[in-house]
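# Report on the structure
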Amino acid sequence: MLELGTSQGQSTRMMSHIFKHVYTVEWNDWNIEQAKQRCAGRDNITFIKADLYGAPWDLPKTDVVFIDAGHEYEQVKLDIENVIQHMDDPTYIFDDYGLPPGDVRRAILEKVNAGALRINKFIGEQPEDLVHAAGTKFIDTEGCICNLRST
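Residues take numbers from 1 onward in each chain, read along the sequence in its written order. Two thresholds apply to this predicted model, a pLDDT of at least 70 for residue-level local features and 80 or more for giving and counting side-chain atom pairs, whereas whole-chain, interface and lining totals are computed over all residues. To obtain the side-chain values, all non-hydrogen atoms of the structure were included, while hydrogens and water were left out.

Let us now look at the overall build of the protein chain. Counting secondary structure elements, the protein chain contains four helices and seven strands. Here a strand is any run of E in DSSP of at least two residues, a helix any run of H or I of at least four, and the numbering for each starts at the N terminus. The N-to-C order of helical and strand elements in the protein chain reads β-α-β-α-β-β-α-β-α-β-β. For a compact globule of 151 residues, the expected C-alpha radius of gyration is about 15 Å, and the protein chain comes in at 15 Å, within 12% of that figure. Residues are treated as being in contact if the distance between any of their heavy atoms lies within 4.5 Å. In the protein chain, the proportion of contacts linking residues at least 24 apart, taken out of those at least 6 apart, comes to 64%. When the accessible surface of the protein chain is totalled, it reaches about 7,900 Å², and 48% of it is carbon and sulfur. In this charge count, Lys and Arg are treated as positive and Asp and Glu as negative; neither His nor the chain ends contribute. Throughout, a charge is located at the NZ atom of Lys, the CZ atom of Arg, the CG atom of Asp or the CD atom of Glu. For the protein chain, the distance from the average position of its 15 positive side-chain charges to the average position of its 24 negative side-chain charges is 4 Å. Radius of gyration: C-alpha atoms only; globule rule: 2.2 Å multiplied by the number of residues to the exponent 0.38. Using the Shrake-Rupley algorithm and a 1.4 Å probe, accessible areas are obtained, with residue cover drawn only from the displayed protein chains.

Structure below.
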């Protein structure tokens with residue numbers, strides 16, 4: 001699986017127990033170092049330092065993509081478009097679907113309404129008690145799983 005947005009490796013470590021191999025992308029050196037420490041002892045993780053929004057897409061093709069990098073509308077939209085363009089119909093897992101101001105949800109729903117993506121399932125916690133690490137209360141469910149509409 002490919003994780004866009006390593007941050008400090010919380011999801012990376014968990015995913016390494018589920019998937020045969022995890023490729024994880026992060027641009028920030030400090031975050032990468034924290035993630036490597038958190039994931040010590042896991043031998044199925046490849047850390048990739050890359051700027052998802054300022055460099056050409058040169059990432060491995062995988063069956064699953066976990067999108068949790070930039071949370072602004074244009075960033076999420078570009079993540080989706082890059083995956084569509086460069087991969088062979090993976091399963092998309094989106095984190096922070098219901099994070100205000102709603103940019104992640106807006107980018108996903110735009111692709112759903114255009115007929116490009118299909119939401120298969122909403123996942124994670126519901127907004128009633130869900131608060132982001134930065135202290136922001138969610139306005140919708142935590143995440144969702146999608147595929148291209150054609151599958």
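Now, onward.
Two aromatic rings, drawn from Phe, Tyr or Trp (for Trp, its six-membered ring), form a pair once their centres lie within 6.5 Å of each other, and the interplanar angle then sorts them: stacked below 30 degrees, edge-to-face above 60, tilted otherwise. All told, the structure shown has two aromatic pairs when counted by the stated rule. Ring geometry for tyrosine 92 against phenylalanine 94: centres 6.0 Å apart, planes inclined by 10°, an arrangement best described as stacked. Only protein chains enter the calculation, and the probe is 1.4 Å; a residue is then buried if its accessible area is under 20% of its type maximum, exposed if over 50%, and partly exposed in between. Take phenylalanine 94: its relative accessible area is 1%, and that puts it in the buried class.

To continue, consider the pattern of salt bridges. Side chains that differ in charge, positive against negative, can pair when their charged atoms come close. Every case where a carboxyl oxygen of Asp or Glu lies within 4 Å of a side-chain nitrogen of Lys or Arg is listed as a salt bridge. Tallying each qualifying case throughout the model produces five salt bridges. Here lysine 61 and aspartate 88 are joined by a salt bridge, their closest N and O atoms 3.8 Å apart. Residue lysine 61 is located in the loop between strand 3 (45-49) and strand 4 (64-67), and its partner aspartate 88 is located in the loop between helix 3 (73-86) and strand 5 (91-95); the two are separated by 27 residues in the primary sequence. For lysine 61, a relative accessible area of 56% translates into the label exposed. Ionic pairing is found between glutamate 81 and lysine 111, a salt bridge with its closest N-O pair at 3.4 Å. Taken as a pair, glutamate 81 in helix 3 and lysine 111 in helix 4 (residues 103-113) lie far apart in primary sequence, 30 residues in all. On the basis of relative accessibility, which here comes to 15%, the residue lysine 111 falls in the buried class.

Another aspect to go through is the environment of phenylalanine 138. By the secondary structure assignment, phenylalanine 138 is in the loop between strand 6 (117-123) and strand 7 (143-148). Residue phenylalanine 138 is classed as buried on the basis of its relative accessible area, which comes to 5%. For the pair phenylalanine 138 and glycine 98, spaced 40 residues apart in sequence, the C-alpha separation works out to 5.4 Å. Ignoring sequence-local partners within four residues, the contact set of phenylalanine 138 consists of Asp96, Gly98, Leu99, Pro100, Pro127, Leu130, Val131 and His132.

The next thing to look at is helix 3. Take the residue count of a helix, subtract one, and multiply by 1.5 Å to get its expected span. For helix 3, with 14 residues, the first-to-last C-alpha span of 20 Å sits near the 20 Å given by 1.5 Å per residue. Residues Tyr73, Val76, Asp79, Ile80, Asn82 and Val83 constitute the buried set of helix 3. Considering only its buried residues, helix 3 is in contact with strand 1 (2-4), strand 4, strand 5, helix 4 and strand 6.

Before going further, it helps to spend a moment on the sheet that holds strand 2 (residues 22-26). Being paired, for any two strands, means DSSP has found at least two bridges between them. Taken together, seven strands build an open sheet; the order of strands is 3-2-1-4-5-7-6 and the sheet is mixed. For this open sheet the edge positions go to strand 3 and strand 6, each flanked by a neighbour on one side alone. Across the sheet, the axes of successive neighbouring strands diverge by a mean angle of 20°, strand direction being ignored. Relative to strand 7, strand 5 is paired through four bridges, and the arrangement is antiparallel. Bridging from a neighbouring strand, tyrosine 92 pairs with cysteine 146 of strand 7. Interaxial angle, 0 to 180 degrees, is taken between N-to-C directions of lines fitted to C-alpha atoms, where a helix line uses only the stretch in contact. In this fold helix 2 (residues 29-38) packs onto strand 2 and strand 3, with an angle of close to 170° to the strand it touches most, strand 3. Contacts from helix 3 reach strand 1, strand 4, strand 5, strand 6 and strand 7 within the one sheet, and its direction differs from that of strand 5 by about 165°.

Any link to function would need more than the numbers given here.
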